[in-house]
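# Structure at a glance
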Amino acid sequence: FMQAFCRKNGYDEELLYNYLDLVAVSIASDIVPITGENRVMAAIGLNKLNTNPSTGLKSIIRIANMENREFLISDIVFKIGPRINAAGRIESGRDAVELLISRDEPLAARMSESINVCNETRKDLDRLTTQEALEMINSSESLQKLKSTVLFKPEWHKGVIGIVASRLTEHYYRPTIIITESQGLATGSARSVDGFDLYKAIESCSDLLENFGGHMYAAGLTMKIENIPQFTQRFEQYVSDNILPEQLIP
């Protein structure tokens, strides 16, 4: 997109090379295939991240105690990406954007401190919510026997329900939806297992939903709180009728 913008407006495309460290962070954080053009941009971007990172990324590297070492793609996935992501999960994604485009080192240092605090908060919420969700299943024989997981607790933080859904899917290998309350509605985040079309399962209950979106393996949805029991029942029925036994084995 930016290459086309430069060509159309007469800018030197070499200006774009200054931003390839951000591109590498984007490619790694979004877990997209690192092949073809992505591989070239990730490699050059990683080199820039190691030699001359932008002000914002430099401050994240400092706050994550990653200075004076060579970065790998895995460092972006596990150290840089989660800190950028945490800002949007806990407070506002705008803070992370402001940090990434900042050229003011003292300001970037303060903002990276702030998103680091968000990341620590996110980790605590993630751990506690996952623990609560697992306890809900472990203490109920009927929940353990199901082919799907749908759990609701109005106090859960909206910013971590997607992570918690992923963790529960890893633990009890079956389609999972974690729901909380937000602005008077039930808001859920869903994750699937290999080969099972989660989107179709949710779509089969669409008459109970206010809205929903996503794809085969991950989705989001909102519904009236009073619809949760019926949705849970119908979602479980759809999963039971359509999932193959081998899809429930990791």
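Everything numeric here is computed off the predicted structure, so don't read it as measured data. (Residues numbered from 1 in each chain as written. Predicted model: local features only at pLDDT ≥ 70, side-chain atom pairs only at ≥ 80, totals over all residues. Heavy atoms only, no water.)

### Some details on the pairing of strand E2 (residues 176-182)
A large share of E2 lies buried, amounting to six of its seven residues. When strand E1 (residues 149-152) meets E2, the two strands line up parallel, connected through four bridges. The residue bridging Thr149 from the neighbouring strand is Thr176, located in E2. At this point the chain moves from E1, through helix H9 (residues 161-171), to the parallel E2, and the crossover so formed is right-handed. Where E2 lies against strand E3 (residues 185-191), seven bridges are found, and the strand directions are antiparallel. Looking at the pairing, Ile177 lines up with Ala190 of E3. (Buried < 20%, exposed > 50% of the residue type's maximum accessible area, 1.4 Å probe, protein only. Helix = DSSP H or I, 4+ residues; strand = E, 2+ residues; numbered from the N terminus. Pairing = 2+ DSSP bridges. Right-handed = clockwise from strand over helix to strand, strands pointing away.)

### Things to note about the sheet that holds strand E4 (residues 209-214)
Two orientations exist for strands paired in a sheet by backbone hydrogen bonds: parallel and antiparallel. Taken together, the five strands give an open sheet; going across it, the order is E1-E2-E3-E5-E4, and neighbouring strands pair in mixed fashion. This sheet does not close on itself; its edge strands, each paired only once, are E1 and E4. With strand direction ignored, the average angle separating the axes of adjacent strands in the sheet is 15°. Summarising the sheet, E4 and strand E5 (residues 218-223) pair through five bridges and their orientation is antiparallel. Each residue of the ladder has a partner; that of Asn211, found in E5, is Thr222. (Axes fitted to C-alpha atoms, helices over the stretch in contact; angles between N-to-C directions.)

### Focus: helix H3 (residues 36-51)
The end-to-end C-alpha separation of H3 is 23 Å, in line with the 22 Å expected for 16 residues at 1.5 Å each. For H3, the full list of buried residues reads Ala42, Gly45, Leu46, Lys48 and Leu49. Axial view of H3: buried residues confined to an arc of 160°, hence all on one face. Seen from the buried face of H3, the exposed residues on the opposite side, beyond 90 degrees, are Gly36, Arg39 and Thr51. Residues of H3 that are buried sit in contact with helix H2 (20-29), helix H4 (55-63) and helix H5 (73-90). (Expected span 1.5 Å × (residues − 1). Arc of directions from axis to C-beta. Contact = heavy atoms within 4.5 Å.)

### Here's the deal with the packing of aromatic side chains
Overall, the coordinates contain four aromatic pairs when judged by the stated rule. Seen from their ring centres, Phe5 and Tyr11 are 5.9 Å apart, and the 10° between their planes marks the pair as stacked. Ring geometry for Phe196 against Tyr238: centres 6.5 Å apart, planes inclined by 65°, an arrangement best described as edge-to-face. With Phe196 in the loop between E3 and helix H10 (198-203) and Tyr238 in helix H11 (residues 228-242), this residue pair connects regions lying 42 residues apart in the sequence. Residue Phe196 is classed as buried on the basis of its relative accessible area of 3%. Taking the relative accessible area as the measure of exposure, Tyr238 reaches 21% and is therefore partly exposed. (Phe/Tyr/Trp six-rings, centres within 6.5 Å; stacked < 30°, edge-to-face > 60°.)

### So, a nonpolar patch on the surface
Together, Phe1, Met2, Phe5, Tyr11 and Leu15 give the surface a local cluster of nonpolar side chains, amounting to about 590 Å² of exposed area. As for its placement among the helices and strands, Leu15 is situated in the loop between helix H1 (2-9) and H2. Look at Leu15 and you get partly exposed, because its relative accessible area is 46%. (Patch = residues over 30% accessible without salt bridge, like charges linked within 9 Å, V, L, I, M, F, W, Y side chains within 5 Å. Areas by Shrake-Rupley, 256 points an atom, 1.4 Å probe, with all protein chains shown as cover. Salt bridge = Lys/Arg side-chain N within 4 Å of Asp/Glu carboxyl O.)

### Here we look at the pattern of salt bridges
This structure, assessed with the given rule, holds ten salt bridges. Among the ionic pairs, Glu120 bridges to Lys123, the shortest N-O distance being 3.3 Å. Taken together, the residues Glu120 and Lys123, both in helix H7 (residues 105-138) and three residues apart, mark about one turn of the helix. On the basis of relative accessible area, Glu120 is assigned to the partly exposed category, the value being 35%.

### A few points about the side chain of Asn119
Its location among the elements puts Asn119 in helix H7. Look past the residues within four positions of Asn119 in its chain and what remains in contact with it is Pro82, Arg83 and Ala86.

### Considering H7
Helix length check: H7, at 34 residues, gives a terminal C-alpha distance of 49 Å against a target of 50 Å (1.5 Å per residue), a fit within 8%. Here H7 starts with a cap whose side-chain oxygen sits 3.2 Å from the backbone nitrogen of Leu107, and that cap is Asp104. (Polar contact = N/O pair within 3.5 Å; in protein donor to acceptor, adjacent residues only side chain to side chain.)

### Observations concerning the pairing of E3
For E3, the tally of buried residues reaches five of seven residues, placing the bulk of the element in the interior. Hairpin connection between E2 and E3: a loop of two residues separates the two successive antiparallel strands, and Gln183 in this loop has a positive phi of roughly 50°.

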